[in-house]
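Chain by chain, the residues run as shown.
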Amino acid sequence: MSDTIVTHPLVDGAVGPGCKKVDPIVVADGVTRTFGGLTAVDVAHVEIPRHAITALIGPNGAGKTTFFNLLTGFDKPNTGEWSFEGHSLARVPAFRVSRKGMVRTFQLTKSLGRLSVLQNMLLGATKQPGENLFTALIKPLWSKREQAITAKAEELLARFKLLEKSEDYAASLSGGQRKLLEMARALMSDPVLIMLDEPMAGVNPALTQSLLGHIKQLKSEGMSVLFVEHDMHMVRHISDWVIVMAEGKVVAEGPPDQVMNDPAVIDAYLGAHHDTDLGDMTGANPVIEAKEVAAQHAAKKEGAI
Amino acid sequence: MDWGQILDTAAGELLSPVTAAYALAAIGIGVHFGYAGLLNFGQAGFMAIGAYGFVVPTLLFDFPVWAAFLTSIAASVLFAFLLGIPTLRLRADYLAIVTIASAEIVRYVVSTTGLTDVTGGAAGLSGFNGSFTALNPFADGIYGFGPWTFTANQLWIRVVGWSLVAIASVLVYLLMRSPWGRVVKGIREDEDAVRSLGKNVYAYKMQALVLGGVFGSLAGVIYVLPRAVQPANYGTTLTFFIWTMLLLGGAATIWGPIVGAMIFATLLTLSDGILRGLISADIITFISGTQAGQIRFMIIGAVLMLLVIFRPQGIFGNKKELSFNV
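Residues numbered from 1 in each chain as written. Chains lettered and ligands numbered in written order. Predicted model: local features only at pLDDT ≥ 70, side-chain atom pairs only at ≥ 80, totals over all residues. Heavy atoms only, no water.

Colleague: In this structure, what is going on with the environment of R145 of chain A? I would like to understand it.
Modeller: Residues and elements named next belong to chain A. Mapped onto the elements, R145 comes out in helix α4 (residues 143-159). When its relative accessible area of 30% is taken as the criterion, R145 is described as partly exposed. Sequence-wise, R145 and R33 are 112 residues apart; in three dimensions their C-alpha atoms are separated by 41 Å. A distance of 2.6 Å separates the side chain of R145 from the backbone oxygen of T126, its partner in a polar contact. From its side chain, R145 meets the backbone oxygen of K127 in a polar contact 3.2 Å long. (Helix = DSSP H or I, 4+ residues; strand = E, 2+ residues; numbered from the N terminus. Buried < 20%, exposed > 50% of the residue type's maximum accessible area, 1.4 Å probe, protein only. Polar contact = N/O pair within 3.5 Å; in protein donor to acceptor, adjacent residues only side chain to side chain.)

Structure below.
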């Protein structure tokens, strides 16, 4: 790579791992999480831009999902602080994180099988007074809000082409439809930042296209999106910004086409993906380039020893 | 062999206070397991807490009936918190282990000789029913017809018992059609998903545990009101009888626990009557009357196995709901 300083409209200053953003929505500092002797996450500094689709990529075991779980309160860090829209969210329970407007989905879909699709949706809504044990007993206290959120749920279901399924049990949906349901359900609370954990995993190509479309639409509605993905192909089409993790650290970040050519990224992917196509990257032959990088790396290592 | 007598006794069991107590306790674990997915294997413990919470203050401090009911409820709420605070943040199985163990602890504590002055030890307590009978609004006489012929006092306890069952059922119905019920059912399906949607899962689980526990304690009161408190009654067998009734009727249903309890109690009495009748008529000669008491549990066990295999959703449950592997 050249030594010239690269800039980008989302970034305040030079582009690089842990760079400052013009308008960050999440700022994380010194976040670490160890499992026994293994350091799963060790992020020194990272900022996630607002009103953009950010992809968090990295090979298997890079700590993406663990980092995701930490940010959303589903796991507790050993050290670290992070803030969401200026409020510190470190060690805040998951349900409070969600109420602040940072709503997540799961890699393995968690549709609530023995509830109807519509009920799944209604669960996503906020400010329903009937969710209190005592007000629940008196229907007039919550039926108005129920009507409002039902209308909203039906609108969202129509958008995700699930409306005709609304009375079916969620367990009867196909894997891809469950992904759609989970995304739609997360939207019920009008999140500020929506966090999708591998939204495209295990989904057929046709549905992948429609999922990508939906994600783009979230951005056009003013939401910020952060999604985890380990397949670089998917990322290129929709993300504005890519953060690459490997062995728990942020090793690179930048706009997608640039990141794909970053030697650190190729390096990170080489171990896990040495026998697969890294994607049709523009410019030089990626395979040869990757081999060169690997050779350099090996030489450096030998020199160090 | 007097078939009329056997059927009469069995039919009488339909409305007996014990059946009402069973139904109430089954509604309680229906809230726990059927709706919230909490594995409470210590409902007998809640019943014991309820029974002693009613009887001990009545005998020791002459509490009026309403106050004794309140102490009984308060004791079960406390017990639910004691069980829930350490376990509800953990996986579902931990609650199961803790409840089954603590129900046994309760039983051993109330039967220790050291506490004989308070709990009556292994012999239990009696003679506490006076203040309840004194409240009886029915004039002396015989009420009802056929197998359901009661004295004024028998009628009084039945009216109170079944009214409590009705109140509990209406309460559960109102709650489960509400958004509160939706959250609780969501927790049964997947806690993390509900958590990610901004609901305080721990608080909801605690509320469900307390609610079902209170129904259990009221069941304990109804169970002992017509007789004496016997600590030996609150073993794990009682818990599993109640589980059987719940699953027989259908776990996440309103009518399931009530009808399940009625069928179970009636079958138990009916099989006992038939077996004893056959023995006294010398049709069955190879077992004794005492053995018959045990054999009916085997027969009921076999019937229930067939039921669970061929109708796992219970009588009122929705077959469609069970056809998914979730």
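Colleague: What is the right way to read the sheet that holds strand β3 (residues 53-57) of chain A from this model?
Modeller: In sheet architecture, strand pairing relies on hydrogen bonds along the backbone and comes in two forms, parallel and antiparallel. All names here are of chain A. Strand order in this open sheet of six strands is β6-β7-β8-β3-β9-β10, and the pairing throughout is mixed. Whereas interior strands pair on both sides, the edge strands pair on one side only; in this sheet they are β6 (102-104) and β10 (249-254). Looking at each pair of strands side by side, their axes are set apart by 20 degrees on average, direction ignored. Two strands pair when backbone bridges link them, and β6 and strand β7 (residues 193-197) are joined in this way by three bridges, in the parallel orientation. Within β7, the position partnered with M102 by the bridge is L193. Together, β3, β6, β7, β8 (224-229) and β9 (241-246) form the strand contacts of helix α1 (residues 64-71), whose direction differs from that of β8 by roughly 145 degrees. (Pairing = 2+ DSSP bridges. Axes fitted to C-alpha atoms, helices over the stretch in contact; angles between N-to-C directions. Contact = heavy atoms within 4.5 Å.)

Colleague: Just checking my understanding: could you explain the pairing of strand β2 (residues 38-49) of chain A for this structure?
Modeller: Residues in a regular strand point their side chains to alternate faces of the sheet. Residues and elements named next belong to chain A. Where strand β1 (residues 24-35) meets β2, 10 bridges bridge the pair, whose relative direction is antiparallel. By the bridge assignment, T34 is partnered in β2 with T39. The antiparallel hairpin formed by β1 and β2 contains two residues in its connecting segment, where G36 sits at a positive phi of about 65 degrees.

Colleague: Which parts of the structure should I look at to understand the interface of chain A and chain B?
Modeller: Interface size is commonly expressed as the accessible surface area that is lost when the partners come together. Opposite the 33 residues of chain A that make contact, chain B presents 30 residues. Both sides of the chain A and chain B interface together cover about 3,000 Å² of buried area, and 66% of this is carbon and sulfur. One can count four salt bridges joining chain A with chain B. K199 of chain B serves as the salt-bridge partner of E131 of chain A, at 3.2 Å between the closest nitrogen and oxygen. (Buried area = accessible area lost by both parts, 1.4 Å probe. Salt bridge = Lys/Arg side-chain N within 4 Å of Asp/Glu carboxyl O.)

Colleague: Help me understand the environment of F33 of chain B in this model?
Modeller: Residue and element names in this part refer to chain B. Along the polypeptide, F33 turns up in helix α2 (residues 17-35). Among the residues examined, F33 registers a relative accessible area of 27% and is labelled partly exposed. When the C-alpha positions of F33 and K185 are compared, they lie 10.0 Å apart, and in sequence the two are 152 residues distant. Apart from residues no more than four positions distant in its own chain, F33 is found in contact with L38, L39, R188, W243, L246, L247 and A251.

Colleague: Any chance you could explain the domain arrangement of chain A here in plain terms?
Modeller: Residue and element names in this part refer to chain A. Under the domain assignment used here, chain A contains domain 1 (24-110 + 189-262) and domain 2 (112-172). Computed from C-alpha atoms alone, the centre-to-centre distance between domain 1 and domain 2 is 27 Å. Each side of the interface is counted separately: domain 1 has seven residues, and domain 2 has six residues. Per-residue buried area on domain 1 facing domain 2 is highest for K110, S189 and H214; these three make up 61% of the total on that side. Across the pair R159 and E221 runs a salt bridge whose closest N-O atoms are separated by 3.0 Å. (Domains from an automatic or database assignment.)

Colleague: I'm lost on the packing of helix α12 (residues 236-249) of chain B against helix α13 (residues 256-280) of chain B in this one. Help?
Modeller: If you want to describe how two helices pack, look at the angle between their axes and the distance between the axes. All names here are of chain B. The N-to-C vectors of α12 and α13 enclose an angle of 115 degrees; their axes lie 7 Å apart at closest approach. Judged by the sense of rotation from one axis to the other, the crossing of α12 with α13 is right-handed. Residues F241, T244, M245, L246, L248 and G249 of α12 form the contact with α13, whose participating residues are G256, P257, G260, A261, I263 and F264. Looking at the contact of α12 with α13 residue by residue, the class counts come to eight nonpolar, four polar and no charged. (Left-handed = near helix turned anticlockwise from the far one by under 90°. Nonpolar A, V, L, I, M, F, W, Y, C, P; charged D, E, K, R; others polar.)

Colleague: Could you clarify how one ought to interpret the packing of aromatic side chains in this entry?
Modeller: Residues and elements named next belong to chain B. Scanning the model with the defined rule gives 15 aromatic pairs over all chains in all. Relative to Y234, the ring of Y223 has its centre 6.1 Å away and its plane inclined at 65 degrees; by these criteria the two rings are edge-to-face. Of this pair, Y223 sits in helix α11 (residues 201-224) while Y234 sits in the loop between α11 and α12, placing them 11 residues apart in sequence. Grouping residues by exposure puts Y223 and Y234 together as buried. Ring geometry for F241 versus F297: centroids 5.4 Å apart, planes at 20 degrees, classification stacked. One end of the pair, F241, is in helix α12; the other, F297, is in helix α14 (residues 289-310), with 56 residues separating them in the sequence. Owing to a relative accessible area of 31%, F297 belongs among the partly exposed residues under this scheme. (Phe/Tyr/Trp six-rings, centres within 6.5 Å; stacked < 30°, edge-to-face > 60°.)

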